[in-house]
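Listed below, chain by chain, are the residues.
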Amino acid sequence: MRTIGVALLGLGHVGGGVVKLLAENAAAIEARLGARIEVRAIAVRDPGKGKRVVDVDKALLTTDIDAVVRRPDIDLVCELIGGTTEAKAAVLAAIAAGKHVVTANKALLAEHGAEVFAAADAAGVDVYYEAAVCGGVPIIRVLREGLASDRVEQLWGIVNGTSNYILSTMTETRRAFGDILKDAQQLGYAEADPTLDVGGGDARHKLAILASLCFGSAIDCDAIAMDGIDTVEPIDLDYAEKFGFVVKPLVIARDHGAQIEARVHPAFVPANWLLADVSGAKNAVYVQSYALGPSLYYGAGAGMLPTAMAVVSDIIEISRNMAMTTRPARPRPREARPLMPLADIRARYYLRFGVHDQPGVLGQLATVLGAHRVSIQTVVQDADREPVWVVVLTHEAREGDVRAALAEIDRLPAVRERARVIRIAS
Ligand code: HSE
């Protein structure tokens with residue numbers, strides 16, 4: 001039986017999960033693949049480290065990434081280091097040595113995908129990255145293959161498990177943000193730098209990868225508009241509930257033809273949407289495509305075994321490709337369409353104003369909003385405090401108009417606290 005030689009770069013949670021799955025499922029994988037997958041080297045920072053997620057043969061451990069990726073008995077390199085410096089060098093070295101690559105590294109692909117894929121195409125090797133987006137949910141495979149005959153028009157996703165866990169737990173318990181983040185870190189969902197989770201950076205990397213695949217366009221990841229969930233206060237969750245919404249950490253992408261709309265922010269999601277029920281650390285992507293219509297992909301977006309499962313499935317698929325005489329074509333961005341400026345997006349808005357409860361204030365707010373073409377759908381005033389909250393839900397409006405109105409409102413003498421804004425998903 002053919003044997004595929006694999007090198008793992010990194011033996012943290014995901015690397016440990018890969019070793020475990022390959023060992024536990026070896027017989028089933030061999031039966032499905034008609035080949036054996038063998039881990040022949042594992043690059044780690046400290047081979048002498050005592051406690052690891054899984055026991056491995058110490059003879060496999062090395063610190064020499066350069067030597068590992070060049071070894072003739074290695075067919076495929078699995079990059080599980082993370083970050084964009086060492087990981088990028090390792091991936092490019094592996095490609096240059098003619099090795100196929102599997103990576104779970106969303107930052108690397110979102111920021112340097114064009115360079116990595118160009119190198120892979122030139123070298124005639126595969127780069128697979130299912131685990132980079134939504135962990136174990138096979139959304140990359142769906143977009144690349146399942147919907148290959150369709151045209152994606154738009155998608156809404158919950159792609160950061162930590163943010164979803166925090167907002168879901170805040171919604172259920174009204175506990176403080178910081179406490180819940182600590183829980184998420186202990187549960188192993190959060191990035192090493194949790195500001196990437198709560199600030200939206202992790203979701204932005206994933207959205208750049210998804211939007212590029214959906215719309216066939218290179219996406220400038222750094223230009224994607226992003227708000228973190230750290231601005232959401234418990235009072236906003238109360239209002240969301242009152243108006244029939246749930247606050248979710250969303251990514252949204254739409255094909256507008258000449259431009260692509262892509263944004264990352266917490267959003268009021270109608271309580272009757274399927275995405276409103278995606279709670280805890282779970283991820284989901286709701287895709288609207290021309291032929292299929294709506295479809296939903298849901299599951300564990302983080303965690304050792306779900307993520308390792310996606311990595312091992314990529315190893316299996318590349319191993320299958322290796323047995324083919326013709327290399328399958330890979331979807332690559334065909335163009336680079338610009339992102340729609342944030343000021344031009346259209347949405348409905350939840351606006352919360354802290355104002356003095358005095359005659360004429362409501363009229364002033366409405367006048368400024370109206371002057372900027374922002375139409376009010378609902379307004380409520382919470383009179384149990386001073387300053388009072390005036391909460392407005394708008395009809396659909398242009399973001400630039402809303403921001404101009406808010407800048408003017410923030411300067412009104414009756415306004416005590418700057419307006420808080422959460423976009424409503426539609
Ligand atoms: N920190 C990420 C999350 C892990 O919370 O979703 C998976 O990318």
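Scroll up for the structure.
The structure displayed is predicted, hence computed values, not measured ones.

**With respect to the layout of surface pockets**
- Taken as a whole, the second largest pocket spans an internal volume of roughly 780 Å³.
- In terms of lining residues, the second largest pocket is bounded by 35 residues, among which Ser 212, Leu 213, Gly 216, Arg 332 and Pro 333 are the most central.
- Breaking the lining of the second largest pocket down by element, the ones donating at least two residues are α5 (106–123), α6 (139–146) and α10 (201–215).
- Inspection of the lining of the second largest pocket shows a minimum of three residues originating in each of domain 1 (3–135 + 304–323) and domain 2 (140–300).

**Notes on empty space enclosed by the protein**
- Applying the stated criterion across every chain, the model contains 2 cavities of 30 Å³ or more.
- Its boundaries defined by the atoms lining it, the largest cavity holds a volume of some 70 Å³.
- In terms of lining, the largest cavity is formed by 14 residues, of which the most central are Ser 163, Gly 200, Ile 229, Pro 249 and Val 264.
- Those elements giving two or more residues to the lining of the largest cavity turn out to be α9 (195–198), β9 (245–255) and β10 (260–270).
- For the lining of the largest cavity, the element with the most residues is β10, which contributes 3 residues.
- Of the residues assigned to the lining of the largest cavity, the class counts are 7 nonpolar, 5 polar and 2 charged.
- Empty space within the second largest cavity amounts to approximately 50 Å³.
- Lining the second largest cavity are Val 127, Tyr 128, Tyr 129, Arg 144, Arg 330, Pro 331 and Arg 332.

**Considerations on the site of the ligand**
- Around the ligand sit 13 residues, and of these Lys 106, Gly 161, Thr 162, Glu 191 and Asp 197 come closest.
- At 2.7 Å, a side-chain N or O of Thr 162 approaches an oxygen atom of the ligand.
- In this structure, a nitrogen atom belonging to the ligand sits 2.7 Å away from a side-chain N or O atom of Asp 197.
- Isolated, the ligand exposes 260 Å² of accessible area, and the fraction of that covered by the protein chains is 91%.
- Of all the secondary-structure elements, those providing two or more residues to the shell around the ligand are α7 (161–173) and α10.
- Residue classes in the shell around the ligand are distributed as 4 nonpolar, 4 polar and 5 charged.

**Description of the pairing of strand β11 (residues 282–289)**
- By the bridge criterion, 6 bridges tie strand β7 (residues 152–158) to β11 in an arrangement that is antiparallel. For Trp 156, the partnering residue across the bridge sits in β11 and is Tyr 286.
- Summarising the sheet, β11 and strand β12 (residues 293–300) pair through 8 bridges and their orientation is antiparallel. Counterpart to Tyr 286 in the pairing with β12 is Leu 296.
- Joining the antiparallel neighbours β11 and β12 is a turn of 3 residues.

**Description of unusual backbone geometry**
- Following Glu 386, the chain continues into Pro 387 via a peptide bond in cis, with omega recorded as -5°.
- Note that Pro 387 resides in the loop between β14 (376–382) and β15 (388–394).
- Here Arg 373, not a glycine, exhibits a phi torsion of approximately 65°, which is positive.
- Position of Arg 373 among the secondary structure elements: in the loop between α13 (361–371) and β14.
- Assessed through its relative accessible area of 59%, Arg 373 is described here as exposed.

**What about the environment of Thr 162?**
- Checked against the element boundaries, Thr 162 lands in helix α7.
- Classification of Thr 162 as buried rests on a relative accessible area of 1%.
- In this structure the C-alpha to C-alpha distance between Thr 162 and Gly 301, which are 139 residues apart in sequence, comes to 9.4 Å.
- A polar atom in the side chain of Thr 162 sits 3.4 Å from the backbone nitrogen of Ala 190.

What counts, and at which threshold
- Position numbers for residues start from 1 in each chain and track the written sequence from start to end.
- In keeping with the model being predicted, local features are shown solely for residues with a pLDDT of at least 70 and side-chain atom pairs are shown and tallied solely at 80 or more, while totals for entire chains, interfaces and linings include all residues.
- Derived side-chain values reflect all non-hydrogen atoms in the structure, with water molecules and hydrogen atoms excluded from consideration.
- Both cavities and pockets are sets of points on a 1 Å grid over the protein atoms alone; in a cavity a 1.4 Å probe fits but cannot get out, in a pocket the set is open with protein on both sides within 12 Å along at least five of seven lines, and lining residues sit with an atom within 4 Å of a point.
- Grid points are joined across faces, edges and corners, and a volume is the space filled by probe spheres set on the points.
- In DSSP terms, a helix is any run of H or I states spanning at least four residues, a strand is any run of E spanning at least two, and both are numbered starting from the N terminus.
- How far each domain reaches was decided by an automatic or database domain assignment.
- Note on residue classes: Ala, Val, Leu, Ile, Met, Phe, Trp, Tyr, Cys and Pro are nonpolar, Asp, Glu, Lys and Arg are charged, and everything else, Gly too, is polar.
- In these notes, residues near a molecule or strand are those with any non-hydrogen atom within 4 Å of it.
- Here a polar contact is taken to be a pair of N or O atoms separated by no more than 3.5 Å, where protein atoms must pair a possible hydrogen donor with a possible acceptor and residues adjacent in sequence count only if both atoms sit in side chains.
- Per-residue accessibility takes into account occlusion by the displayed protein chains alone, with areas from the Shrake-Rupley method and a 1.4 Å probe.
- When DSSP finds two or more bridges between two strands, those strands count as paired.
- Categorising residues by exposure relies on relative accessible area from a 1.4 Å probe, with only protein chains included: less than 20% of the type maximum marks a residue as buried, more than 50% marks it as exposed, and the intermediate range marks it as partly exposed.

It is worth stressing that arrangement in space is one thing and function is another; only the former is reported here.
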